[in-house]
Amino acid sequence: MNGLGGDPGPAPQVPDWLLASEYAVLLFADRRSFAWEWLRRSAPYRAAWRDREVGEIVPSDFGLMKLEDPDLATPYARPIWTPALDPRVLRSTAADDQSASSANLLDIRNFAEFVSVAVDETNAEHWLLSDGHWVIRLDLHDGTLLGGPLFLDYQIGGLGLKPNQPLEIACMY
(Lines give C-alpha, C1' and ligand atoms only; values in the text may rest on other atoms or scores of the structure.)
Protein backbone atom coordinates (compact mmCIF):
# COMPACT_ATOMS: atom_id res chain seq x y z
CA MET A 1 0.00 0.00 0.00
CA ASN A 2 1.31 3.44 -0.84
CA GLY A 3 -0.02 5.13 2.33
CA LEU A 4 -2.14 7.55 0.30
CA GLY A 5 -5.29 5.47 0.30
CA GLY A 6 -4.68 4.22 -3.24
CA ASP A 7 -4.61 0.73 -4.67
CA PRO A 8 -3.47 -1.74 -1.98
CA GLY A 9 -1.86 -3.91 -4.66
CA PRO A 10 -2.53 -7.49 -5.59
CA ALA A 11 -4.14 -9.85 -3.12
CA PRO A 12 -1.79 -12.42 -1.59
CA GLN A 13 -1.61 -15.73 -3.45
CA VAL A 14 -4.08 -18.27 -2.05
CA PRO A 15 -2.42 -21.58 -1.13
CA ASP A 16 -3.49 -24.53 -3.27
CA TRP A 17 -5.91 -26.80 -1.39
CA LEU A 18 -5.01 -29.72 -3.64
CA LEU A 19 -1.28 -29.90 -2.88
CA ALA A 20 -0.48 -32.43 -0.17
CA SER A 21 2.79 -30.59 0.48
CA GLU A 22 0.75 -27.64 1.77
CA TYR A 23 -0.48 -29.85 4.63
CA ALA A 24 2.52 -31.97 5.63
CA VAL A 25 3.36 -29.57 8.46
CA LEU A 26 -0.08 -30.20 10.00
CA LEU A 27 0.89 -33.76 10.88
CA PHE A 28 2.70 -32.27 13.90
CA ALA A 29 0.31 -29.47 14.78
CA ASP A 30 -2.72 -28.95 17.00
CA ARG A 31 -6.26 -27.89 16.13
CA ARG A 32 -5.38 -24.19 16.16
CA SER A 33 -3.08 -24.74 13.20
CA PHE A 34 -5.84 -26.47 11.25
CA ALA A 35 -8.13 -23.51 12.00
CA TRP A 36 -5.46 -21.07 10.82
CA GLU A 37 -4.88 -22.97 7.58
CA TRP A 38 -8.62 -22.78 6.91
CA LEU A 39 -8.97 -19.10 7.82
CA ARG A 40 -5.95 -17.90 5.85
CA ARG A 41 -7.49 -19.34 2.67
CA SER A 42 -10.79 -17.52 3.26
CA ALA A 43 -11.49 -14.76 0.72
CA PRO A 44 -13.14 -12.44 3.31
CA TYR A 45 -10.17 -12.80 5.66
CA ARG A 46 -7.65 -12.19 2.87
CA ALA A 47 -9.60 -9.08 1.86
CA ALA A 48 -9.64 -7.86 5.47
CA TRP A 49 -5.87 -8.31 5.68
CA ARG A 50 -5.39 -6.45 2.39
CA ASP A 51 -7.64 -3.58 3.54
CA ARG A 52 -6.50 -3.49 7.19
CA GLU A 53 -5.04 0.02 6.98
CA VAL A 54 -7.92 1.66 5.14
CA GLY A 55 -10.98 0.16 6.78
CA GLU A 56 -12.52 -0.60 10.13
CA ILE A 57 -11.52 -4.25 10.40
CA VAL A 58 -12.55 -6.07 13.58
CA PRO A 59 -10.19 -9.03 14.16
CA SER A 60 -12.69 -10.74 16.48
CA ASP A 61 -15.06 -11.05 13.49
CA PHE A 62 -12.58 -13.72 12.39
CA GLY A 63 -12.06 -15.16 15.88
CA LEU A 64 -8.69 -13.41 16.33
CA MET A 65 -7.31 -10.94 18.84
CA LYS A 66 -5.32 -9.29 16.02
CA LEU A 67 -4.99 -9.93 12.31
CA GLU A 68 -2.21 -12.22 11.12
CA ASP A 69 -0.67 -12.20 7.64
CA PRO A 70 -2.48 -14.88 5.58
CA ASP A 71 0.69 -15.53 3.60
CA LEU A 72 2.22 -17.01 6.75
CA ALA A 73 1.57 -20.73 6.89
CA THR A 74 1.84 -23.01 9.86
CA PRO A 75 4.45 -23.10 11.46
CA TYR A 76 5.36 -19.45 10.75
CA ALA A 77 2.06 -17.78 11.60
CA ARG A 78 1.20 -16.85 15.18
CA PRO A 79 -2.57 -16.23 15.22
CA ILE A 80 -3.93 -15.39 18.65
CA TRP A 81 -7.48 -16.75 18.80
CA THR A 82 -10.06 -15.10 21.04
CA PRO A 83 -10.77 -16.84 24.36
CA ALA A 84 -14.32 -17.46 23.16
CA LEU A 85 -12.99 -19.50 20.24
CA ASP A 86 -10.03 -21.04 22.06
CA PRO A 87 -11.13 -22.02 25.57
CA ARG A 88 -7.74 -23.57 26.42
CA VAL A 89 -6.32 -20.31 27.68
CA LEU A 90 -4.41 -20.07 30.93
CA ARG A 91 -5.98 -17.08 32.72
CA SER A 92 -3.69 -15.17 35.02
CA THR A 93 -3.31 -12.04 37.10
CA ALA A 94 -0.35 -10.36 38.72
CA ALA A 95 0.10 -11.96 42.13
CA ASP A 96 -0.58 -9.74 45.13
CA ASP A 97 2.82 -10.59 46.57
CA GLN A 98 5.56 -9.64 44.11
CA SER A 99 8.31 -10.49 46.59
CA ALA A 100 8.70 -14.00 45.14
CA SER A 101 12.17 -15.26 44.40
CA SER A 102 13.44 -14.49 40.92
CA ALA A 103 13.13 -18.20 40.08
CA ASN A 104 9.33 -17.84 40.28
CA LEU A 105 9.04 -14.73 38.11
CA LEU A 106 7.96 -15.03 34.49
CA ASP A 107 10.25 -13.02 32.25
CA ILE A 108 8.67 -13.15 28.81
CA ARG A 109 11.94 -11.96 27.27
CA ASN A 110 13.31 -15.47 27.90
CA PHE A 111 10.80 -16.70 25.30
CA ALA A 112 11.18 -13.86 22.79
CA GLU A 113 11.56 -16.09 19.74
CA PHE A 114 8.34 -17.94 20.59
CA VAL A 115 6.10 -15.11 21.72
CA SER A 116 3.39 -12.91 20.25
CA VAL A 117 1.03 -10.58 22.11
CA ALA A 118 -2.19 -8.67 21.53
CA VAL A 119 -3.42 -6.04 23.99
CA ASP A 120 -7.18 -5.46 24.01
CA GLU A 121 -9.24 -2.36 24.82
CA THR A 122 -9.24 -3.23 28.54
CA ASN A 123 -5.41 -3.50 28.50
CA ALA A 124 -5.58 -7.25 29.06
CA GLU A 125 -2.60 -8.95 27.44
CA HIS A 126 -3.22 -12.01 25.28
CA TRP A 127 0.03 -13.96 24.95
CA LEU A 128 0.86 -16.78 22.58
CA LEU A 129 3.94 -18.91 23.13
CA SER A 130 4.48 -21.23 20.18
CA ASP A 131 7.18 -23.14 18.36
CA GLY A 132 4.94 -23.08 15.29
CA HIS A 133 3.25 -26.38 16.07
CA TRP A 134 2.30 -26.39 19.74
CA VAL A 135 0.80 -23.50 21.63
CA ILE A 136 0.47 -22.13 25.13
CA ARG A 137 -2.02 -19.29 25.45
CA LEU A 138 -1.83 -17.01 28.47
CA ASP A 139 -4.18 -14.12 29.19
CA LEU A 140 -3.00 -11.59 31.74
CA HIS A 141 -5.95 -9.56 33.07
CA ASP A 142 -4.12 -7.51 35.69
CA GLY A 143 -0.55 -6.33 35.39
CA THR A 144 1.81 -6.53 32.43
CA LEU A 145 4.61 -8.75 31.22
CA LEU A 146 5.73 -5.94 28.92
CA GLY A 147 7.44 -4.17 31.82
CA GLY A 148 9.68 -7.04 32.88
CA PRO A 149 9.49 -10.14 35.09
CA LEU A 150 6.27 -10.72 36.99
CA PHE A 151 4.97 -13.25 39.52
CA LEU A 152 1.64 -14.57 38.27
CA ASP A 153 -1.38 -16.29 39.78
CA TYR A 154 -3.04 -18.75 37.38
CA GLN A 155 -6.66 -19.82 37.13
CA ILE A 156 -7.22 -23.28 35.68
CA GLY A 157 -10.79 -24.13 34.88
CA GLY A 158 -12.80 -26.22 32.50
CA LEU A 159 -11.15 -29.50 33.35
CA GLY A 160 -14.52 -31.11 33.89
CA LEU A 161 -13.38 -33.07 36.93
CA LYS A 162 -15.91 -35.35 38.52
CA PRO A 163 -15.75 -35.93 42.29
CA ASN A 164 -12.70 -38.08 43.17
CA GLN A 165 -11.51 -38.19 39.55
CA PRO A 166 -7.72 -37.91 39.14
CA LEU A 167 -6.47 -34.94 37.10
CA GLU A 168 -4.54 -37.23 34.70
CA ILE A 169 -7.74 -38.95 33.57
CA ALA A 170 -9.65 -35.68 33.12
CA CYS A 171 -6.92 -34.30 30.85
CA MET A 172 -7.13 -37.29 28.52
CA TYR A 173 -10.62 -36.39 27.31
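Going by the structure above, here's the rest.
Criteria and thresholds
- Residues numbered from 1 in each chain as written.
- Predicted model: local features only at pLDDT ≥ 70, side-chain atom pairs only at ≥ 80, totals over all residues.
- Heavy atoms only, no water.
- Helix = DSSP H or I, 4+ residues; strand = E, 2+ residues; numbered from the N terminus.
- Buried < 20%, exposed > 50% of the residue type's maximum accessible area, 1.4 Å probe, protein only.
- Polar contact = N/O pair within 3.5 Å; in protein donor to acceptor, adjacent residues only side chain to side chain.
- Contact = heavy atoms within 4.5 Å.
- Phe/Tyr/Trp six-rings, centres within 6.5 Å; stacked < 30°, edge-to-face > 60°.
- Lys NZ or Arg CZ within 6 Å of the ring centre and 35° of its normal.
- Patch = residues over 30% accessible without salt bridge, like charges linked within 9 Å, V, L, I, M, F, W, Y side chains within 5 Å.
- Areas by Shrake-Rupley, 256 points an atom, 1.4 Å probe, with all protein chains shown as cover.
- Salt bridge = Lys/Arg side-chain N within 4 Å of Asp/Glu carboxyl O.
- Lys, Arg positive; Asp, Glu negative; His and termini not counted.
- Charge placed at Lys NZ, Arg CZ, Asp CG, Glu CD.
- Core = buried A, V, L, I, M, F, W, Y, C linked by side-chain atoms within 4.5 Å.
- Arc of directions from axis to C-beta.

A. Geometry of the side chain of S116. Residue placement: S116 occurs in strand β2 (residues 115-119). What makes S116 buried here is its relative accessible area of 11%. At 3.3 Å, the side chain of S116 and the side chain of K66 are in polar contact. Dropping the residues within four chain positions of it, S116 is found in contact with K66, R78, I80, H126, W127 and L128.

B. Inspection of the packing of aromatic side chains at higher detail. Tallied over the full model, the rule gives two aromatic pairs. An angle of 85° between the planes, with centres 5.8 Å apart, marks the rings of W36 and Y45 as edge-to-face. Owing to a relative accessible area of 0%, Y45 belongs among the buried residues under this scheme. In textbook terms, an aromatic cluster arises when at least three aromatic residues are bridged by ring pairs, as seen for W36, Y45 and F62. When the ring centre of W49 is taken as reference, the NZ or CZ atom of R52 above it lies at 3.7 Å.

C. Here's a closer look at a nonpolar patch on the surface. Taken together, the side chains of W17, L18 and W38 make up a nonpolar region of the molecular surface, amounting to roughly 450 Å² of accessible area. One can find L18 in the segment before α1 (31-39).

D. Looking closely at the environment of A103. Its location among the elements puts A103 in the loop between β1 (89-94) and β2. Residues A103 and F151, spaced 48 residues apart in sequence, show a C-alpha to C-alpha distance of 9.6 Å.

E. A look at a negative patch on the surface. A grouping of D96, D97, D142 and D153 is seen on the molecular surface, where their side chains present a negatively charged patch. Relative to the elements of secondary structure, D142 occurs in the loop between β4 (135-140) and β5 (152-155).

F. Main features of the pattern of salt bridges. Under the definition given, this model contains nine salt bridges. With a closest N to O distance of 3.2 Å, D71 and R46 form a salt bridge. A residue pair is termed long-range when its members are at least 10 positions apart, and D71 in the loop between α2 (43-50) and β1 and R46 in helix α2 qualify at 25 residues. According to the relative accessible area criterion, D71 is partly exposed, its value standing at 43%. Taken together, the salt bridges that share partners define one network made up of D30, R31, R32 and D86.

G. Quick look at the nonpolar core. In terms of nonpolar packing, the biggest core is built from 10 residues, these being A94, L106, I108, W127, L129, L138, L140, L145, L150 and L152. Counting only elements with at least two residues in this core, the list comes to β3 (125-130) and β4. Setting aside residues no more than four positions away along its own chain, L145 makes contact with L106, I108, E125, W127, L138, L140, L150 and L152. Judged by nonpolar contacts, the second largest core, of eight residues, contains L39, W49, L64 and W81.

H. The arrangement of α2 in detail. Among all positions in α2, only Y45, R46, A48 and W49 are buried. Angularly, the buried residues of α2 cover 160° about the axis, an arc narrow enough to put them on a single face. Exposed and facing more than 90 degrees away from the buried side of α2 are A43 and P44. The secondary structure elements touched by the buried residues of α2 are α1.

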